Each structure stands twice: as structure tokens, then as C-alpha cells.
Amino acid sequence: IAGVPSGTLPPLPAPSPPSPPHSQQHNANNQLCGATYVELFKLTGKKNSTMLANTAAVIEAEIAEGAASDGLWSWVDAIHMAMQTFARMGNVTGDAKYFDKQFANFNASVLAKAVPHESTYQFWNTSDELFYRDDRFLGTQVYWSRGNGWAISAVVASLEWGVSADPHYEVYLGIFKQHAAKLKSIQYPDGAWRSSLLNVTANGGACGWSGGKGVPCNPVPETTGTANFCYALAWGINSGILPSDDYLPVVTKAWAWLSQTALHADGFVGYCQPGGGSPENNF
């Protein structure tokens, strides 16, 4: 957009492409819309199977490809975009094949040891208990707030829709609890989280603390990650997974920041990190 400053991205290699290359119907970004039809299927009370037919056809075509399609989620956003639909389909149909394929894809993207330029990416760092954006950042401490927000919302979907039905429920539950605890520990005093969760720049340089006074060198809060974390932690409390005594103060501070600072008097929501590499994230 004319007049909007653009930043210079750090010299990073291209992320590994999904292997094999995926068709548009198997692109996770395009699969999210199926979640809406599942919701309508449940809300109408009529259980009209035609509402699920196209979504089922797309996902079942992916299932039919077997392990060859397990590595399609090569960027962390994809976890949110696809799992919202896979988990709902498993819930409303009672068919474990949706849960099994969801976990096969999740395992390839999140848990399995990364194989460069293949189909496993290892987004979940078991030491830092945070998600990488993609495999360019493996071995660093660069963790994108918004991407972690999408990841935890995907895990929430797997728990909400897979309870008592998904055989992989306990794996998701363990990650959710670890992720929640880490997010609790790195929330800023103002209630928000930052674009880079551990305050580390993308080219590997670390930000220190200014003058030893506890003032971070990356002071700008970020809305999209904060909103997703607030939602996920609140869901965890309401579902009985997270203890209220520990997490309600975190949610309360996050909501106060979102509703009183991020939400401007004119109705616009600010502090949203833009895409496209722009350095401006405070508008």
C-alpha cells in the first residue's frame, strides 16, 4: 500500500515446502471453511448430511492418500486452519478416521523430528514449550506470538471436539498444559504478550533488558497473539483443565489490556502486527 513503510526481512532460507506439493483442496487455509458447515449442521438440529458432504469429500480424499499427505502442514498457521475442521468432523460423525488423520498431520508438523526439505517439521520445542512458525527457525528462540496463538487455538479445538472420542486426546492435553504454563510465565505486566514471545529478533540477535531495570527493549504489545492466548486460557479454566487460582489472573489481565488498551475509543483495534514484514506494529 502506498505510503506504508516496508521492512527488510532478515536473510532466512525459504521454508521447506510441503511434500508432496498439495492441491488447493488440501491446502489447510482452504479447509477452515468446513468448520462453519459442521457448526451449522449441529446448530440447525436437523442433522442434514448434505451440509457435511463437500467437507467430508475433501478430507476423505486427503485421508485416502495415506502417509503421503501427512506433511502438508508446513507452516504453523495450518494447524489452526485444518484442525478446526478435522476435529469437528470426527466429533459429529463419530468416525475415528478424522481424528487419526488429524493426528498424523499434527505429528508430522509438530512432534516428529524435522527432516530438512522433507515432510516433518518439529514445530513444538519441548525445551521452550513454544511453537516455531516454520522450520527456518529450528534451533533458535524466535517464537511468533500470533503463530503460537493459532497453535494453541488448534489444540483447544482438538480437546473440545475430541474429548471422550479422540484416541490422541492425552497427547494434545499434555501439550496444552505445557504451553499454557509457559505462556503464563512470559506474560508481560501490562497483560499482553509481544510479537516475539521471548523477545528475540529473527536474525538471531537477542534483546537484553534496558539498564537492568526490567524495561524490555521490545515494549510494544501485540493483539492477535494476546487475544488467542486469552481465549485459550479462559477455555482451559472453564473446561476444568487449568486451575482457576493460577490462570484467572492471567486471563483477567489479558482481557483488561484487550478491552481497555487495544480497543480504541473510536472502535478500532490496535497493536496488531501487520503482515508483509512491515516494522510498524503499533497502530
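Residues numbered from 1 in each chain as written. Predicted model: local features only at pLDDT ≥ 70, side-chain atom pairs only at ≥ 80, totals over all residues. Heavy atoms only, no water.

> How would you sum up the packing of aromatic side chains? Please name residues and give values.
Within a pair of aromatic rings, the relevant descriptors are the distance that separates the centres and the angle that separates the planes. Using the criterion set out here, one finds 10 aromatic pairs in the structure. When the ring of Phe 103 is compared with that of Tyr 172, the centres are 6.0 Å apart and the planes differ by 75 degrees; the resulting orientation is edge-to-face. One end of the pair, Phe 103, is in helix H5 (residues 96–111); the other, Tyr 172, is in helix H7 (residues 169–186), and 69 residues separate them in sequence. Across the pair, exposure class does not vary: Phe 103 and Tyr 172 are buried alike. Their ring planes at 25 degrees and their centres at 4.8 Å tell us that Tyr 132 and Tyr 143 sit as a pair that is stacked. Linking Tyr 132 in the loop between strand S2 (130–131) and helix H6 (145–162) with Tyr 143 in the loop between S2 and H6, this pair joins segments that are 11 residues apart in sequence. Among the aromatic residues, those joined into a cluster by ring pairs are Phe 103, Phe 106 and Tyr 172. We note Arg 194 situated over the ring of Tyr 188; from NZ or CZ to the ring centre the distance is 3.9 Å. (Phe/Tyr/Trp six-rings, centres within 6.5 Å; stacked < 30°, edge-to-face > 60°. Helix = DSSP H or I, 4+ residues; strand = E, 2+ residues; numbered from the N terminus. Buried < 20%, exposed > 50% of the residue type's maximum accessible area, 1.4 Å probe, protein only. Lys NZ or Arg CZ within 6 Å of the ring centre and 35° of its normal.)

> Pulling in residues and values, what's your account of the pattern of salt bridges?
In the structure shown here, the tally under the stated rule is 8 salt bridges. The partner of Lys 97 in a salt bridge is Glu 60, with the nearest N and O atoms 3.2 Å apart. Of the two residues, Lys 97 is situated in helix H5 and Glu 60 in helix H3 (residues 50–64); the sequence distance between them amounts to 37 residues. Among the residues examined, Lys 97 registers a relative accessible area of 30% and is labelled partly exposed. In the salt-bridge network here, residues are joined through shared partners; they are Glu 60, Asp 95 and Lys 97. (Salt bridge = Lys/Arg side-chain N within 4 Å of Asp/Glu carboxyl O.)

> How would you summarise the side chain of Lys 182 if you had to cite specific residues and measurements?
Tracing the backbone shows Lys 182 in helix H7. Buried and without a salt bridge, Lys 182 has Asp 128 as its closest oppositely charged side chain, separated by 4.8 Å. If we ignore the near neighbours within four places in the chain, the residues touching Lys 182 are Asp 128, Glu 129, Leu 130 and Leu 198. (Lys, Arg positive; Asp, Glu negative; His and termini not counted. Contact = heavy atoms within 4.5 Å.)

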